[in-house]
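Summary of the model geometry
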Amino acid sequence: MSATAQSTEEHGAASQLAAMPEDWTRALAVVAHPDDLEYGAAAAVAEWTARGKDVTYLLATRGEAGIDTMEPAEAARVREAEQRASAAVVGVSEVEFLDHRDGVLEEGPALRRDIAAVIRRHRPELVLTINHHDTWGAGPGSPWNTPDHRALGRSVLDAVGDAGNRWIFSDQLEKDGVLPWGGVRWVAVAASPAVTHAVPVGEEAARKGLASLLEHRSYIEALTDEDPEEYARSIVYGGLDMYGRQNGGRRSVAFELHAR
């Protein structure tokens, strides 16, 4: 994910963001690639896990097409390892991969089916995903979003409903006692051009958010000639400060929140 939430700054600059709900225990974060969560949302995850909330990561791909100088099989191995290390920094111990192909994710029943199965197993109250809109920003000429992010985010929104319907993907319910799960109360979309809610993050959570992005060193070094630490700091703290200006001056991570 080379585009960042900073491209959404022009949206709602004068408006105050609402507080994210806190009356939940379990969250499932579903994104397309290793590093998607680390371009901002991981700082919120660090804040949540520090408060005792349980967060699980689900990745649709291993990001094998993301490093031009590295063969896909090797990139998959490297990027999976970096993602697991990154998750550990913010207090996430459970990281799952769906093994869909990087770069060619398809919105539709196959992806929805796999995501719904994981929702039914983990039974989250909050589902977190990545920007599914056409662009990263709200203004004219904003950077175009990638096909994987668009397909993944939209499939997540649909899969939340699928997970609660016992007549959709019913064969899953015959395995290991899995039951329908209609208990998702919110879907939070990170890096959206239409943010509505925010999570203030303290210095420790911000530091962990930065450290989590730096775990993706192989990807960062392939992406930019900048010093990795300077690059990561500008991304993470730039986003936190930007949303802080819409949240009473407190460094924040912002989301587009959908109530279920």
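The structure we're discussing is the one just above.
A brief look at the structure comes next. (Residues numbered from 1 in each chain as written. Predicted model: local features only at pLDDT ≥ 70, side-chain atom pairs only at ≥ 80, totals over all residues. Heavy atoms only, no water.)

The next subject is the overall build of the protein chain. Of regular secondary structure, the protein chain possesses seven helices and eight strands. Relative to a compact globule of 260 residues, whose C-alpha radius of gyration would be 18 Å, the protein chain shows 17 Å and is just as compact. Evaluated residue by residue, the protein chain yields a buried proportion of 57% over its 260 residues. The contacts of the protein chain with a sequence gap of at least 6 include a subset with a gap of at least 24, amounting to 81%. Taken as a whole, the protein chain presents about 10900 Å² of accessible surface, with 49% of it coming from carbon and sulfur. Put simply, the protein chain has 26 plus and 41 minus side-chain charges, and the middle of one group is 7 Å from the middle of the other. (Helix = DSSP H or I, 4+ residues; strand = E, 2+ residues; numbered from the N terminus. Rg over C-alpha atoms; globule rule 2.2 N^0.38 Å. Buried < 20%, exposed > 50% of the residue type's maximum accessible area, 1.4 Å probe, protein only. Contact = heavy atoms within 4.5 Å. Areas by Shrake-Rupley, 256 points an atom, 1.4 Å probe, with all protein chains shown as cover. Lys, Arg positive; Asp, Glu negative; His and termini not counted. Charge placed at Lys NZ, Arg CZ, Asp CG, Glu CD.)

Take the pairing of strand E8 (residues 252-259) next. Summarising burial for E8: six of the eight residues are buried, a large majority. Judged from the five bridges that link them, strand E6 (residues 186-190) and E8 form a sheet pairing that is antiparallel. Within E8, the position partnered with Val 189 by the bridge is Glu 256. The pairing of strand E7 (residues 197-200) with E8 spans four bridges and is classified as antiparallel. Of the residues in E8, the one forming a bridge with Pro 200 is Ser 252. (Pairing = 2+ DSSP bridges.)

A contiguous patch of negative charge, built from Asp 225, Glu 226, Asp 227, Glu 229 and Glu 230, is present on the exposed surface. Within the secondary structure, Asp 225 is located in the loop between helix H6 (217-223) and helix H7 (228-244). Of the residues examined, Asp 225 reaches a relative accessible area of 83% and is grouped as exposed. (Patch = residues over 30% accessible without salt bridge, like charges linked within 9 Å, V, L, I, M, F, W, Y side chains within 5 Å. Salt bridge = Lys/Arg side-chain N within 4 Å of Asp/Glu carboxyl O.)

So, on to the nonpolar core. Of all hydrophobic cores here, the largest spans 73 residues; its most connected members are Trp 48, Tyr 57, Ile 115, Ile 119, Leu 128, Leu 152 and Phe 255. Every residue in contact with Ile 115, bar those within four places of it in the chain, is listed here: Val 30, Leu 58, Leu 98, Leu 152, Ser 155, Val 156 and Ala 159. (Core = buried A, V, L, I, M, F, W, Y, C linked by side-chain atoms within 4.5 Å.)

Take the environment of Gly 66 next. With respect to the secondary-structure elements, Gly 66 resides in the loop between strand E3 (54-59) and helix H2 (72-89). Given the relative accessible area of 31%, Gly 66 is considered partly exposed. Separated by 157 residues in the primary sequence, Gly 66 and Leu 223 have C-alpha atoms spaced 9.0 Å apart. Ignoring any residue separated from it by four or fewer positions in sequence, one finds Gly 66 in contact with Arg 79, Asp 102 and Tyr 219.

It is worth spelling out the sheet that holds E6 at this point. With mixed pairing, the eight strands of this open sheet are ordered in space as E1-E7-E8-E6-E5-E2-E3-E4. Because the sheet does not close on itself, it has two edges, and the strands there are strand E1 (18-19) and strand E4 (95-97). Direction of pairing for strand E2 (residues 26-31) relative to strand E5 (residues 126-130): parallel, over a ladder of three bridges. Within E5, the residue paired with Leu 28 across the bridge is Val 127. Helix-sheet contacts for helix H3 (residues 109-122) involve E2, E3 and E4, and the interaxial angle to E2 is about 165 degrees. (Axes fitted to C-alpha atoms, helices over the stretch in contact; angles between N-to-C directions.)

Our next topic: the packing of aromatic side chains. Inspection of every chain in the model, using the stated rule, returns three aromatic pairs. Between the aromatic rings of Tyr 39 and Tyr 231, the centroid separation amounts to 6.4 Å while the plane-to-plane angle is 75 degrees, which identifies the pairing as edge-to-face. Here the residue Tyr 39 occupies a position in the loop between E2 and helix H1 (41-50), and Tyr 231 occupies one in helix H7, the gap between them amounting to 192 residues. Given the relative accessible area of 7%, Tyr 231 is considered buried. Taking 6.0 Å as the distance between ring centres and 20 degrees as the angle between the ring planes, the aromatic pair formed by Trp 48 and Phe 255 counts as stacked. (Phe/Tyr/Trp six-rings, centres within 6.5 Å; stacked < 30°, edge-to-face > 60°.)

Everything listed here is a matter of coordinates, which is why it stays silent on function.
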